[in-house]
Amino acid sequence: MEVDSSPMTPTEYMEEDRSPVPDSNAMDVSEVDENENDDIASVAALIDQLKHEDVQLRVNACHKLTVIASALGPERARDELIPFLDDSIDDEDEVLLVLAEELPNLSPFLGGSEYISRLLVPLENLAAIEDATVRDKAVESLRKIASQMDDNQRNNDFAPLVKRLAQGEWFTSRASAAGLFAVCYTTFDAQKQEEWRNMFAQLVHDETPMVRRSTAKALETLAGVVSDEHLDNFILPLFNELASDDQDSVRLLTIEILIAIAKRLDAQKNRDTLLEPLKSLARDKAWRVRYMVASKFVEVCDAIGEDIVRAELVQTFVDLLKDNEGEVRTAAAGEVPGFAKFADKQTILESFLPCIRELVEDGNQHVRAALALHISGLSPILGKEDTIEHLLPLFLQLLKDEFPDVRLNVIANLEQINKVIGIDLLSQSLLPAITELAEDRQWRVRLAIIEYIPLLASPLGVEFFDDKLLNLCMSWLGDAVYSIREAATINLKKLTQVFGAEWAKDTVITQIIKMADNENYLYRMTTIFTLTTMTDALSPSIIKDYVLPTVIGLSEDPIPNIRFNVAKALETLTPSLKNDASTSDLIESTVVPSLQKLTNDKDGDVRFFASRALLDGKLEGSFVYVV
């Protein structure tokens, strides 16, 4: 569609019917320059897209509502644009979601804060539609607008809106209303606050579970803004009702309310009012409720108080670790280190460790994986001796687990154990397991082991490392998985930085150079990658005597991939050669001639990378780049 340049007003565009057929010539939103908002044709095109047949065009146009509003001016934005958007509420959900998100951004374009209430009308309608995602976004936008209102607007405009939603016929509007009570509660007088609390209590008793779910989510926020008096005689009774709701989807949300309430009460009040509901939720017949308690247990303990935890909740946590549902045990296993901080060492050894030993052999692989990820957090709490005696055998057992994620999680957290027992003991204890895992059938496990090797290098010393682990490190260069070969090259660079360039020359470089003669081209490719990666850790003399001749020698390789990687390697080597007086002359005598020769290669990729190396390195010499 060609946009008519005649002065047709945006209102006329709004009044047109939506185009029945998508027009391939319609101006895309991305083509509209926001710096030309005074161009009526551009604005008309945007408005046309608001009612276009193509959903994506309507979505894009909604993202540009501020552009349209700015061009129309405050009066037309209030009187024409917002009513037009309100009439578009029957659109596709993805359009409405963007609309709900963008409407608050129109507030600066309405002519002043006194007109901000105009935005409430379309958002009220969006808050009552069926799609939950759109409703949630509309509620979020309503809260933003309410925070910008003055007290008069909140009383005269926002409060009636919330009341209409709370008393709506459809549950969707009542569910949305629940999320709006806390935003303005503190700005109301005592009478208005009482009315607000009564309306919210009615929603808590709503017959629709979706509405009660919304109130359970909203009660957490409301608990943070009511007075101490109303926390005791209003919030707590509602919490108890929701915690005993017949729907587990409602009960599982009450743990967040409990945390919010506990943060405001003293220890004795928490013991008197929240301890039993917490234990009841932890024993709930629905596993999803118990799962929520287990996953939030440390947060609950932080809020409820250390003394109550030690006296009353140790057995509750142990019961969660022994729960008959794997999901609950998984969540509880993740809370072990955090909860252990509330218990003394004796309690950990007598109550937790027996459970942990059972979890190490749990039939659910996800439970073992969660335990493997978090069990190392007990090391700082138990100290060196108890870690060696009680935890180290469990680590070794988990390292031999048949499920790869379990092994990976142990390896990922070895550093925390290292800080407690020391690398010497850790390496001696785990070296057999590490050697075995280095050949694990899962490449991600092998990758994790490679990344851990440099940490072992310095404590083990050169002799021990060369004897036990060097051959292992070299074998990874021939791995069938590229990610392993790549990690192996980085590993050798890090080892060179630890043991020194001379060590690399005597033990590593010679073995890498031998790979350049291998019949398998992947070995020759790996030779280039490895030498290039290690360059920064090598001395100029080693680069001159070993690295450069090997790379140059591969420039005659029959495989094009090898030859263009030679060009890339020479490009990488050039800065190192330039920076040292003993090697700078090699650029003109060796590097440039080799690259010039490659620029005449029969393979286009080889010519490209050789030419790029000459240009990027600003190397002397002329060449002809043949396409």
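The model shown is predicted, which means the values in this text are computed figures rather than measured ones.

A. Representation of the overall build of the protein chain. In terms of helices and strands, the protein chain carries 40 helices and zero strands. For a compact globule of 627 residues, the expected C-alpha radius of gyration is about 25 Å, and the protein chain comes in at 34 Å, more than 25% above that figure. If one aligns the C-alpha atoms of the protein chain with their principal axes, the spans along those axes are about 90 × 80 × 40 Å. When the 627 residues of the protein chain are sorted by exposure, 53% land in the buried category. Considering only residue pairs separated by 6 or more positions, the protein chain has 67% of its internal contacts joining residues 24 or more positions apart. Carbon and sulfur atoms form 46% of the exposed surface of the protein chain, whose accessible area is close to 28300 Å².

B. Spatial organisation of the nonpolar core. Judged by nonpolar contacts, the single largest core of 220 residues is most densely connected at L126, F200, I261, F352, I356 and W476. If you tally residues by element for this core, the top one is helix α31 (residues 443-460), at 10 residues.

C. Examining the packing of aromatic side chains more closely. Taken as a whole and assessed by the stated rule, the structure comprises 14 aromatic pairs. Counting every residue linked through ring pairs, the aromatic cluster contains F297, F317, F339, F342 and F352. Its guanidinium or amino end placed over the ring of Y115, R78 lies 3.8 Å from that ring's centre, counting from NZ or CZ. In this structure, K568 packs its charged tip against the face of F609, placed 5.1 Å from the ring centre.

D. Examining the state of the cysteines more closely. Applying the stated criterion across every chain yields a total of zero disulfides. You can see C301 has no disulfide; the closest cysteine sulfur is in C355, sitting 15 Å from it.

E. How the structure looks around the pattern of salt bridges. Considering all chains together, one arrives at 33 salt bridges under this definition. Of the charged contacts in the structure, one is a salt bridge between E80 and R76, with a shortest N-O distance of 3.8 Å. Taken as a pair, E80 and R76 lie in helix α5 (residues 74-86) at a separation of four residues, close to a single helical turn. By relative accessible area, R76 is classed as partly exposed at 32%.

F. How the structure looks around the environment of L252. Take L252: it is sitting in the loop between α15 (248-251) and α16 (254-262). The spatial distance from the C-alpha of L252 to the C-alpha of A286 is 8.9 Å, given a sequence separation of 34 residues. Residues contacting L252, with those up to four places away along its chain left out, are R288, V289 and M292.

G. A look at helix α39 (residues 585-598). Over its 14 residues, α39 runs 20 Å from end to end, which matches the ideal 20 Å to within 8%, given 1.5 Å per residue. When the local axis directions of α39 are compared, the greatest deviation, roughly 35 degrees, occurs at V591, which is followed within four positions by the proline P593.

H. Fine view of empty space enclosed by the protein. Tallying each qualifying case throughout the model produces one cavity of 30 Å³ or more. Of the pockets and cavities examined, the largest cavity occupies roughly 40 Å³. Ranked by the residues each element gives to the lining of the largest cavity, the list is headed by helix α6 (residues 93-102), at three residues. Considering only residue class, the lining of the largest cavity consists of seven nonpolar, one polar and one charged.

I. How the structure looks around the side chain of D601. Relative to the elements of secondary structure, D601 occurs in the loop between α39 and α40 (604-616). D601 sits in the buried class, given a relative accessible area of 12%. A polar contact of 2.8 Å, which involves the side chain of D601, links it to the backbone nitrogen of D603. For D601, the contacting residues outside a window of four places in its chain are R563, V606 and R607.

J. Structural context of the layout of surface pockets. Here the largest pocket is characterised by a volume of approximately 460 Å³. Listed by contribution, the elements that provide at least two residues to the lining of the largest pocket are α8 (132-148), α10 (171-178), α11 (181-184) and α13 (209-222). Looking at the lining of the largest pocket, the element that brings in the most residues is α13, giving seven residues. Across the lining of the largest pocket, the residue classes break down as 11 nonpolar, four polar and five charged.

K. The arrangement of the packing of helix α9 (residues 151-166) against helix α12 (residues 190-204) in detail. Two numbers describe how α9 lies on α12: the axes approach to 10 Å, and their chain directions differ by 20 degrees. Considering the angle they form, α9 stands roughly parallel to α12. The crossing of α9 and α12 is left-handed. Residues N155, A159, V162, K163 and A166 of α9 touch α12, and the partners they reach there are K192, E195, W196, M199 and L203. Looking at the contact of α9 with α12 residue by residue, the classes come out as six nonpolar, one polar and three charged.

L. Focus on the packing of helix α35 (residues 501-514) against helix α37 (residues 540-553). α37 packs onto α35 with a crossing angle of 15 degrees between their chain directions and a minimal axis gap of 12 Å. Comparing their axes, α37 and α35 come out roughly parallel. Between α35 and α37 lies a crossing of left-handed hand. Here A501, E502, K505, I509 and I513 of α35 lie close against α37, whose contacting residues are I542, Y546 and T550.

M. Representation of the confidence of the model for the protein chain within the structure. On average, residues of the protein chain score 84 in pLDDT, and 91% of them are at 70 or above. Confidence, expressed as mean pLDDT per element, reaches its minimum in the protein chain at helix α1 (residues 10-15) with 40 and its maximum at helix α19 (residues 287-295) with 96. A low-confidence stretch, residues 1-38 (pLDDT under 50), is modelled with 64 contacts involving residues beyond four sequence positions or located in other chains.

N. Here's a closer look at the environment of S429. Note on placement: S429 falls in helix α30 (residues 423-437). Beyond its immediate chain neighbours, meaning those up to four positions away, S429 contacts L392 and L396.

O. Structural context of α6. Taken together, the buried positions of α6 are occupied by V95, L96, V98, L99, A100 and E102. In this structure, the buried residues of α6 make contact with α3 (55-62), α4 (65-72), α5, α7 (120-126) and α8.

P. Quick look at a negative patch on the surface. Together, E92, D93, E94 and E130 make up a negatively charged patch on the protein surface. Examined against the element boundaries, E92 turns out to sit in the loop between α5 and α6. Among the residues examined, E92 registers a relative accessible area of 41% and is labelled partly exposed.

Q. Local environment of the environment of P558. Examined against the element boundaries, P558 turns out to sit in the loop between α37 and α38 (560-578). A relative accessible area of 66% means that P558 is categorised as exposed. Separated by 37 residues in sequence, P558 and Y521 place their C-alpha atoms 9.4 Å apart.

Reading the values: rules and limits
Residue numbers restart at each chain and count upward from 1, following the sequence in its written direction. Only residues with pLDDT of at least 70 are given local features in this predicted model, and only at 80 or more are side-chain atom pairs given and counted; all residues enter the totals for whole chains, interfaces and linings. Side-chain numbers come from the whole structure's heavy atoms, not from hydrogens or water. What counts as a helix is a DSSP run of H or I of at least four residues, what counts as a strand is a run of E of at least two, and both are numbered from the N terminus. The reference for a compact globule is 2.2 Å times residues^0.38; the radius of gyration itself is calculated from the C-alpha atoms. The cut-offs for exposure are 20% and 50% of the maximum accessible area for each residue type, with area from a 1.4 Å probe on protein chains only; residues under the lower value are buried, those over the upper are exposed, and the others partly exposed. By definition, residues are in contact when any of their heavy atoms lie within 4.5 Å. Working definition of accessibility: Shrake-Rupley area with a 1.4 Å probe, residue cover restricted to the visible protein chains. As used here, the term nonpolar core means buried Ala, Val, Leu, Ile, Met, Phe, Trp, Tyr and Cys residues forming a set that is joined through side-chain atoms within 4.5 Å. Only rings of Phe, Tyr and Trp enter the pairing, Trp through its six-membered ring, and a pair is recorded when the two centres are within 6.5 Å. The plane angle decides the type: under 30 degrees is stacked, over 60 is edge-to-face, the rest tilted. Here, a charge over a ring means that NZ of Lys or CZ of Arg falls within 6 Å of the ring centre while also lying within 35 degrees of the ring normal. Cysteine sulfurs are considered disulfide-paired once they come within 2.5 Å of each other. In the sections that follow, a salt bridge refers to a side-chain nitrogen of Lys or Arg positioned within 4 Å of a carboxyl oxygen of Asp or Glu. What a helix is expected to span follows from its residue count: subtract one and scale by 1.5 Å. Two axes are fitted around each residue, one to the seven residues ending there and one to the seven starting there, and the angle between them is reported as the bend at that residue. Two kinds of site are reported from a 1 Å grid over the protein atoms alone, namely cavities, where a 1.4 Å probe fits but cannot get out, and pockets, open sets with protein on both sides within 12 Å along at least five of seven lines, and residues are called lining when an atom falls within 4 Å of a point. Grid points are joined across faces, edges and corners, and a volume is the space filled by probe spheres set on the points. Just so you know the grouping, Ala, Val, Leu, Ile, Met, Phe, Trp, Tyr, Cys and Pro go in nonpolar, Asp, Glu, Lys and Arg go in charged, and all remaining residues, Gly too, go in polar. N or O atoms closer than or at 3.5 Å make up a polar contact, with two conditions inside protein: a donor-capable atom paired with an acceptor-capable one, and, for residues adjacent in sequence, both atoms drawn from side chains. Fitted lines through C-alpha atoms give the axes, limited to the stretch in contact for helices. The angle between two N-to-C directions lies from 0 to 180 degrees. Note that the term roughly parallel is reserved for angles under 35 degrees, roughly antiparallel for angles over 145, roughly perpendicular for angles of 65 to 115, and oblique for everything else. Should the near helix be turned counterclockwise from the far one by less than a right angle, the crossing is left-handed, whereas a clockwise turn marks it as right-handed. Residue-level confidence of the predictor is what pLDDT reports, using numbers from 0 through 100. Like-charged residues are merged into a patch within 9 Å and nonpolar side chains (Val, Leu, Ile, Met, Phe, Trp, Tyr) within 5 Å, provided each residue has over 30% relative accessible area and no salt bridge. Think of it this way: Lys and Arg go in the positive column, Asp and Glu in the negative one, and His and the chain ends go nowhere. For the purpose of locating charges, the reference atoms are NZ of Lys, CZ of Arg, CG of Asp and CD of Glu.

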